[in-house]
Structure formats: C-alpha cells, structure tokens
Amino acid sequence: MPTQYGPTPNPSLTHSGVEGDVGMKLKEIMTPGVEVIHPETTLQQAAAKMRRLDIGPLPVCDGDRLIGMLTDRDITVRAVAEGCDPNTTTVREAMTPDIAYCFDDQEVQDAVQLMERYRIRRLPILNRDKRLVGMVSLGDLAVSSGDQTRVGETLKHVSEPAEPRR
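Residues numbered from 1 in each chain as written. Predicted model: local features only at pLDDT ≥ 70, side-chain atom pairs only at ≥ 80, totals over all residues. Heavy atoms only, no water.

**Let's talk about unusual backbone geometry**
Unlike most non-glycine residues, Asp54 shows phi in positive territory, near 55 degrees. Following the sequence through the fold, Asp54 ends up in the loop between α3 (43-53) and β2 (57-62). Of note, the phi angle at Lys130 is positive, near 60 degrees, even though the residue is not glycine. Tracing the sequence through the fold places Lys130 in the loop between β5 (122-126) and β6 (132-137). With relative accessibility at 31%, the residue Lys130 sits in the partly exposed group. (Helix = DSSP H or I, 4+ residues; strand = E, 2+ residues; numbered from the N terminus. Buried < 20%, exposed > 50% of the residue type's maximum accessible area, 1.4 Å probe, protein only.)

Okay, structure coming up:
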C-alpha cells in the first residue's frame with residue numbers, strides 16, 4: 001500500500017489555515033473514473049495505453065487497491081535505460097510503489113501542500129477504505145481555485161528542478 005506523505009492527523013495538513021474556515025473538499029474537484037493499469041501488465045502495453053490516452057502517469061492497481069504509480073519517465077529511465085525488455089518487463093518492476101496521496105474528504109489545501117512538497121503534478125485521491133476514487137491535477141486546482149496567485153505559486157514549486165545526480 002502506498003504511503004500517505006503528510007498523514008491526515010497532522011492539523012497543519014487537514015485545516016485550511018484560517019480559523020473557522022471550512023475549505024473545498026477534494027471530492028468536489030477531483031477527476032473521477034481514473035484509468036489504471038494492473039501490475040503484471042508489460043511496459044509495452046502500458047506505454048501503448050499511455051499513448052492511446054495521451055497521458056504520462058497511470059495509477060497501478062491490484063483490483064481496486066492503489067499499489068503504485070507508473071509514469072512515462074519510469075518506463076524510460078528505470079526500465080529502458082537499464083536495458084530491460086519492455087515486452088517482458090512488468091509494470092510492477094518499474095513503478096514507484098511509495099506515492100503521495102490524499103483522501104477525498106480532505107481539503108484542497110492538503111493536496112496543494114503535498115504537490116508542492118513532493119513536486120508532483122497529479123495526486124491520487126482515495127476514499128477512507130483506501131480505494132482509488134479519483135485524481136487531482138494542477139489543472140483541477142487552477143479551475144477550482146479563485147486564487148490564481150496560489151495556483152501560480154504551486155506550479156512554481158512543483159516545477160522547480162531537482163538537483164542533478166552526478
């Protein structure tokens with residue numbers, strides 16, 4: 001099971017920051033009906049699905065349980081660059097198993113904080129039974145937010161380049 005970075009019990013993550021303010025919930029802005037991929041699917045099949053859907057990330061689910069995330073970068077950098085055969089290498093072998101996520105009843109601000117902290121553009125949304133119910137993207141935040149400055153700041157933090165490994 002993925003790890004939730006910034007767990008719910010932390011009051012700084014579950015409260016919008018303004019005393020008495022009840023913010024918009026993630027279930028109100030998330031995109032439901034997310035396309036997923038099974039962990040035993042080959043990377044070639046995953047890449048074909050990404051191309052067909054014109055997307056870069058795919059949540060990896062075993063049944064209705066989120067177990068990781070696979071991105072086009074995972075396929076390229078983790079698998080192909082290491083010499084793995086995409087026709088035989090499985091999604092499980094290249095996916096990122098420990099991913100950030102939020103629950104659908106958390107506030108939008110919680111997602112913003114996680115996206116900024118971990119420099120991610122898309123965040124899986126789970127229900128309290130830990131089943132994938134949607135995704136939130138930077139675009140979802142931009143459309144739902146009346147605070148364009150805050151959305152711009154989030155994009156700036158998410159887009160900051162990481163230190164190169166040498």
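**Focus: the sheet that holds β6**
The mixed open sheet is built from 4 strands, whose spatial order is β1-β6-β5-β4. Two strands lie at the open edges of the sheet, namely β1 (31-32) and β4 (102-103), each paired on one side alone. Relative to β6, β5 runs antiparallel, the two being bridged by 5 bridges. Paired with Ile125 across the two strands is Gly134, which belongs to β6. Those strands touched by helix α6 (residues 108-118) are β4, β5 and β6, and its axis lies near 135 degrees from that of β5. (Pairing = 2+ DSSP bridges. Contact = heavy atoms within 4.5 Å. Axes fitted to C-alpha atoms, helices over the stretch in contact; angles between N-to-C directions.)

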